[in-house]
Amino acid sequence: MKIKELYRQLVPRPRTPVTWMRAVPLISFLVLYAVLCIVLEQSGVLLFARPWAFVLILFSVWVWWLSVAGYGGLSKGRALAALISRLVMLGLFVMLIAEPRSVRVRDVISVVYAVDHSDSIGETSVETALDFVINTVNGKPQTDEAGLVVFGRNSAVELPPRVSFPYEALNSRIDRDATNLQQTLSLAAAMLPEENRGRIVLISDGTETEGSISRVLDELKSRDIAVDVLPLHYEYDKEIWLENLELPRFVKLGENYEAAIVLSSLKPGKGKLVLRENGKVVGNPQEVTFKAGKNRYVIPIYLRTPGFYEYSATIETERGEDHLTENNTVLNYIYVEGEGKVLIVTNPATPGDEAANTKKDWQSLENAIREGERNVETISAYEFPSDSLSLMPYDAIVFVNVPADAFNVIQLKAVHDAIFNQGIGFMMVGGENSFGPGGYHRTVIEDALPVTMDITKKKVLPKGALAIILHTCEFPEGNTWGKRITKQAIKVLGAQDEVGVLVYDFMDGEKWLFKLMPAGDYEKMVPKINGAQIGDMPSFANTMQLGLNGLIKSDASTKHMIIISDGDPQPPTPQLIGQFIKNNVSVSMVAIFPHGGQDISKMRDIAAVTKGKYYFPADPNQLPSIFIKEAKTLKRSMIQNETITPEVGMISPVLKGIAAIPQLHGYVLTTIKPRAEGVLNAPEKEEAEGEIDPILSFWRYGLGTTAAFTSDLSPNWGADWVNWDQYRAFVKQLMIKISRVQKQDHLKMWSHTSGNKATIMVEDFHPEESFLNVAARISGPHDRQETVVLKQVSPRRYQATVPLWGKGRYQVISVGKSGDREDHANGGFIVSYSPEFLRFRSNPIVLDEIAERTGGKRLSLEDTSDDIYGRRDPKMSSNPIFDWFLIALAILVPLDVGIRRIQIDWYIIKGWFQFGKDDKNSTATMGALLQRKQDITEEMDSRRGQPDPLNQQSTIAKLQEQRQQTTRTPEPGKTETRPPDKKTNKPPAPPAGGAEGNQSTTGRLLDLKRRRNSDEDKDK
């Protein structure tokens, strides 16, 4: 029963007969709706992502039935309008569910050229590839876009896709010791705009040493990105290479050993085999004759003193017998443990410096260390090794007033790794070229020190402002060099110093890459610098004026500008140079590879008149040190030239037996780190209440101990200390504090490489045999680290294999634990050359697979731009327009409600526009109705014989009240009462026809209502 009642509520019976004519609005709507949807889809105006949703339009039949069933109580016109509004709303809602998307068709092709720049590709092949790129881009249609990516181990965007192609030289810096096609295609695909037809032109030899190309091909196919391939063919029929240099694992001094060299060749031949020890030839070069395949040769070696010995073996052949020379040398090393030494690193002498003056910085400290019964070795920063393994013979390293720009990044990283991984001690001794003024801010050395170069606000320092202008550097990786040295220069600045970078953009002209902002926001600057598009600016004037305006607005006390350029922009006007001089803004100019001997005197003159410096480096590798040196001009305020008496902070063994501390005549401002041990401090200053300037501090960093002495230990600031009777005792105790502690470990480790993998073996020589949990951390090129767990392969022996990630020096730190026991072993190995140099032929099969799976084409060097850009297929893209349909529905909802709920009185509206003419007719009609009603009432009363004046009066009052209400339109089916004839003023004749004819109109209406109710009861 409930189901039937629910059905009747959802599908009610019609009150009037339903004919096919009543279905005309529904049929018309469905036909028009279907035609509209089909036309929108076929014409390409819209597409629907979920076409199955149109099945929901069948609910329109139910909406139509509710309307024709007649339960709305509306007139025919209003019922039809309400039906149409409901059907339109339903149609819009169904379209909304079908997920409509606007369609856009563009006949534009965006092409990204991906050029292989790995080691396996010769420079000649790279130039050929770039010539092909330029020739095809020059012939492309004007509306099409072209971009450029270069790749090796990693990928870099040289130019993003754009209509113009302002290529001048390769500026991206990539690692060339591997080939990663997967990353390259992913990057190129990410650069392609979605609205254009995308295509990638891959120019490569097809070799793949990293990644997996199959992972990205399906994604490219799904995005409809075709990859055209241009194979770079090569095949070497003659090739000789050295695979390995085998050295003894454990060495005793005074005994003879052998170095074994493994040589491989594609064909028989002969050559000269040379073995070098620390750069010196061992014995006499051997003339060797080898066969195709592997050959092994042995050379005797003899070790007399402890230390680090690096060996290199080289095969020398006649010209034309070997194609690649990069794989003709292999490296390995032996470390013979002995008595530890202290390494003092000094500032290299510059032209004009006297030898006696340069020795004053370190001579006193060297003598004091020697008198403390320690071996000392002194070298300049230029002689410092680049490998942390070569620092193993030293127990401590001391930097004596040596600036950071005297080292390269690799050397500083070697110091850091030696401290952290090998436990070697480190100390920096102050001076004008140390700490912040020396350029160590935000370097790996600052990470290792117990102090930071960031100065708190309470330590009031004059603020500096630096503006850097970058001009296109047209030499290999020129723009990359510019970005890298800019970041290094910013690192030198203090957190409160301001820095801004200006460039000439291809699209926007001269502009600020970012305006002057605190150098402490370095992390915000890096993405902007990395993404900069550096163009060839036509003139210095506009960019210099823009930079000067920013510097003038700054409240910095020192203002400086650095410009790097090839010298071809037009010089600034004398008036502009005068503004620089007037505002005390110095300008340093760096001329790098000027065009064809371009006259660079204008750059020299600008630097001279503004009291800046001029540089003309012959090697781009000098650029970082130049920029760091220039940025350091803003850091001189960190030097405190004042006499102080250090105060003791924390009690330390370094001060054992020392009663009084001599005066110091200067020091460098630093801030001690939270966990560091502050032993000596400068007296607290009133203007920096609560802030302490450290003089001597220590902390533990990794396995090593580091110290910071912010003054010096020379006759400069430390003249009173050098003449102090306890100076040598202080230095001796200082060296004991930081030096590496020699501990007897029972683990021995060795390793060897084979192909692209390394095997690490650890052996346990502890008197008591036990199972160890052994793990090893491998640090290698590209600042990458891997940790592996070694498995026991035999009693007391543990082993693991790890994949390599490029050429370079790998350092291995192994740790074995068992209960309370913990032993360490250090070692490493060297990958002498890139695996790319073991590829002797190209692999076009891989390239053909890429083209086939993505729908691309194999190209040749003879192909033109038509072969790339001529294959046109307009790209249809779509965007969701969900919001527009929601807006349409929001408009229709109140309209539908208005149609159903609001009754419009057209007589009143008509009266508004006819100025009350209908009011007279309405009043006349109402008067006639009242008169007629009164006549009928009198007639009925006379028949009953009992007139009811109260009832008559009540009826007349009600009719008068109705007269005051708004006149309404007669309902359908009722006849409007005509007014009586005013002339006769007689009532109409009574109807004939028996009793029913004598019945009044009211009586007949009541009878009709009773009969209708009776019929409805029968239906129930």
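Scroll up a little and you will see the structure.
Asker: I'd like to hear about the overall build of the protein, residue by residue, with values.
Answerer: In terms of helices and strands, the protein carries 27 helices and 41 strands. Buried positions account for 47% of the 1020 residues belonging to the protein. Put simply, of all contacts in the protein between residues at least 6 apart along the chain, 76% involve residues at least 24 apart. Element-wise, carbon and sulfur atoms account for 53% of the exposed surface of the protein, whose accessible area totals about 52500 Å².

Asker: Now, about the sheet that holds strand 3 (residues 109-116): what can you tell me, with residues and values included?
Answerer: Strand pairs in the sheet, formed through backbone hydrogen bonds, run parallel or antiparallel to each other. As summarised here, the arrangement of the 5 strands in space is 5-4-3-6-7, forming an open sheet in which the pairing is mixed. Single-partner strands in this sheet number two, and they are strand 5 (155-162) and strand 7 (226-231). For this sheet, the mean angle separating the axes of adjacent strands, direction not counted, is 15°. Pairing between strand 3 and strand 4 (residues 145-151): 7 bridges, direction parallel. Looking at the pairing, Ala114 lines up with Val149 of strand 4. Strands in contact with helix 6 (residues 181-191) are strand 3, strand 4, strand 5, strand 6 (197-204) and strand 7; relative to strand 5, the strand with the most contacts, it is inclined by about 25°.

Asker: Describe helix 15 (residues 574-582), naming the residues involved and giving the relevant values.
Answerer: For the α-helix, the turn length of 3.6 residues means that residues three or four positions removed from each other point alike. Considered for burial, the residues of helix 15 that qualify are Leu576, Ile577 and Phe580. For helix 15, the buried positions fall inside an angular range of 100° around the axis, keeping them on one side. In helix 15, those exposed residues whose orientation departs by more than 90 degrees from the buried face are Pro574, Gln575 and Lys582. Looking at the buried residues of helix 15, the elements they touch are helix 14 (540-553), strand 24 (558-565), strand 25 (585-591) and helix 16 (601-609). Asn584 sits one or two residues past helix 15 and shows a positive phi near 55°.

Asker: Before we move on, can you summarise the packing of helix 6 against helix 7 (residues 214-222) with the specific residues and values?
Answerer: Across the interface, helix 6 lies against helix 7 with an axial gap of 8 Å and an inter-helix angle of 25°. With respect to helix 7, the axis of helix 6 lies roughly parallel. Handedness of the crossing formed by helix 6 with helix 7: left-handed. Residues Gln182, Leu185, Ser186 and Ala189 of helix 6 touch helix 7, and the partners they reach there are Arg215, Val216, Leu217 and Leu220. In the contact of helix 6 with helix 7, the residues fall into 5 nonpolar, 2 polar and 1 charged.

Asker: Give a description of the nonpolar core that names residues and reports values.
Answerer: Counting residues in each nonpolar core, the largest one holds 57 residues, and the members touching the most others are Tyr113, Ile203, Leu245, Leu275, Ile301 and Tyr311. Considering every element that reaches this core, the biggest residue donor is helix 5 (residues 123-138), with 6 residues. Counting residues in each nonpolar core, the second largest holds 39 residues, with Val398, Tyr667, Leu680 and Phe698 among its members.

Asker: Can you lay out the pattern of salt bridges for me, pointing to particular residues and giving the numbers?
Answerer: Applying the stated criterion across every chain yields a total of 33 salt bridges. Put simply, Asp144 and Arg872 hold a salt bridge, and the shortest N to O gap is 2.9 Å. Within this pair, whereas Asp144 is found in the loop between helix 5 and strand 4, its partner Arg872 is found in the loop between helix 21 (865-869) and strand 41 (875-880), the two being separated by 728 residues in sequence. Taking the shortest distance from any N to any O, the salt bridge between Glu243 and Lys294 comes out at 2.4 Å. Remark: Lys294 occurs in strand 13 (residues 293-302) and Glu243 occurs in strand 8 (residues 240-246); sequence separation between them is 51 residues. The class for Lys294 is exposed, based on a relative accessible area of 53%. Each of the salt bridges in this network shares a partner with another, and the network as a whole consists of Arg50, Glu99 and Arg101.

Asker: Describe the side chain of Ser565, and please don't skip the residues or the numbers.
Answerer: For Ser565, the position within the fold is in strand 24. Discounting residues that sit within four places of it in the chain, Ser565 has contacts with His471, Phe540, Val590, Ala591, Ile592 and Met603.

Asker: Lay out a nonpolar patch on the surface in plain terms, naming residues and giving numbers.
Answerer: A cluster of nonpolar side chains, contributed by Leu6, Leu10, Leu56, Phe59, Trp62 and Leu66, occupies part of the molecular surface with about 530 Å² of accessible area. Elements with a minimum of two residues in the nonpolar patch: helix 1 (2-10) and helix 3 (59-68). Structurally, the position occupied by Leu56 is in the loop between strand 1 (46-48) and helix 3. Accessibility expressed as a relative area gives 31% for Leu56, which makes it partly exposed.

Asker: Could you give an account of the environment of Ala396, naming the residues involved and the relevant values?
Answerer: Mapped onto the elements, Ala396 comes out in strand 18 (residues 394-400). For the pair Ala396 and Thr705, spaced 309 residues apart in sequence, the C-alpha separation works out to 9.1 Å. Setting aside chain neighbours within four positions, we find Ala396 in contact with Lys341, Val342, Leu343, Ile424, Gly425, Ile738 and Ser739.

Asker: Account for the side chain of Asn295, naming residues and giving values.
Answerer: Within the secondary structure layout, Asn295 lies in strand 13. Polar side-chain contacts of Asn295 include one of 3.0 Å to the backbone oxygen of Lys291. If near-sequence neighbours (up to four positions away) are discounted, Asn295 is found in contact with Ile261, Val262, Leu263 and Phe290.

Asker: Report on the pairing of strand 19 (residues 425-429), specifying residues and quantitative values.
Answerer: Most of strand 19 sits inside the fold, with 5 of its 5 residues counted as buried. Burial along strand 19 is two-sided: the face carrying Gly425, Met427 and Val429 and the face carrying Phe426 and Met428 are both buried. Once you follow strand 18 into helix 10 (residues 409-422) and on to strand 19, the crossover reads as right-handed. Where strand 19 meets strand 33 (residues 704-709), 4 bridges bridge the pair, whose relative direction is parallel. Residue pairing across strands places Met428 opposite Ala708, the latter belonging to strand 33.

Asker: Can you lay out the pairing of strand 24 for me, pointing to particular residues and giving the numbers?
Answerer: In terms of burial, strand 24 is a largely internal element, 7 of the 8 residues being buried. Relative to strand 24, strand 21 (residues 464-470) is paired through 7 bridges, and the arrangement is parallel. Directly across from Ala465, in strand 24, lies its bridge partner Lys559. Where strand 24 lies against strand 25, 7 bridges are found, and the strand directions are parallel. Residue Ile563 lies in a different strand from strand 25, and its bridge partner there is Met589. In this view, the connection linking strand 24 to its parallel neighbour strand 25 by way of helix 15 has right-handed handedness.

Asker: A description of the sheet that holds strand 41 should follow, citing residues and the corresponding values.
Answerer: Strand order in the open sheet formed by 3 strands is 1-2-41, with antiparallel pairing between adjacent strands. The open sheet has two edge strands, strand 1 and strand 41, and neither has a second partner. Taking the axes of each pair of neighbouring strands and ignoring which way they run, one obtains an average angle of 40° across the sheet. Here strand 2 (residues 100-106) pairs with strand 41 via 6 bridges, running antiparallel. The residue bridging Arg104 from the neighbouring strand is Ser877, located in strand 41.

The rules behind these values
- Residues numbered from 1 in each chain as written.
- Predicted model: local features only at pLDDT ≥ 70, side-chain atom pairs only at ≥ 80, totals over all residues.
- Heavy atoms only, no water.
- Helix = DSSP H or I, 4+ residues; strand = E, 2+ residues; numbered from the N terminus.
- Buried < 20%, exposed > 50% of the residue type's maximum accessible area, 1.4 Å probe, protein only.
- Contact = heavy atoms within 4.5 Å.
- Areas by Shrake-Rupley, 256 points an atom, 1.4 Å probe, with all protein chains shown as cover.
- Pairing = 2+ DSSP bridges.
- Axes fitted to C-alpha atoms, helices over the stretch in contact; angles between N-to-C directions.
- Arc of directions from axis to C-beta.
- Parallel < 35°, antiparallel > 145°, perpendicular 65-115°, else oblique.
- Left-handed = near helix turned anticlockwise from the far one by under 90°.
- Nonpolar A, V, L, I, M, F, W, Y, C, P; charged D, E, K, R; others polar.
- Core = buried A, V, L, I, M, F, W, Y, C linked by side-chain atoms within 4.5 Å.
- Salt bridge = Lys/Arg side-chain N within 4 Å of Asp/Glu carboxyl O.
- Patch = residues over 30% accessible without salt bridge, like charges linked within 9 Å, V, L, I, M, F, W, Y side chains within 5 Å.
- Polar contact = N/O pair within 3.5 Å; in protein donor to acceptor, adjacent residues only side chain to side chain.
- Right-handed = clockwise from strand over helix to strand, strands pointing away.

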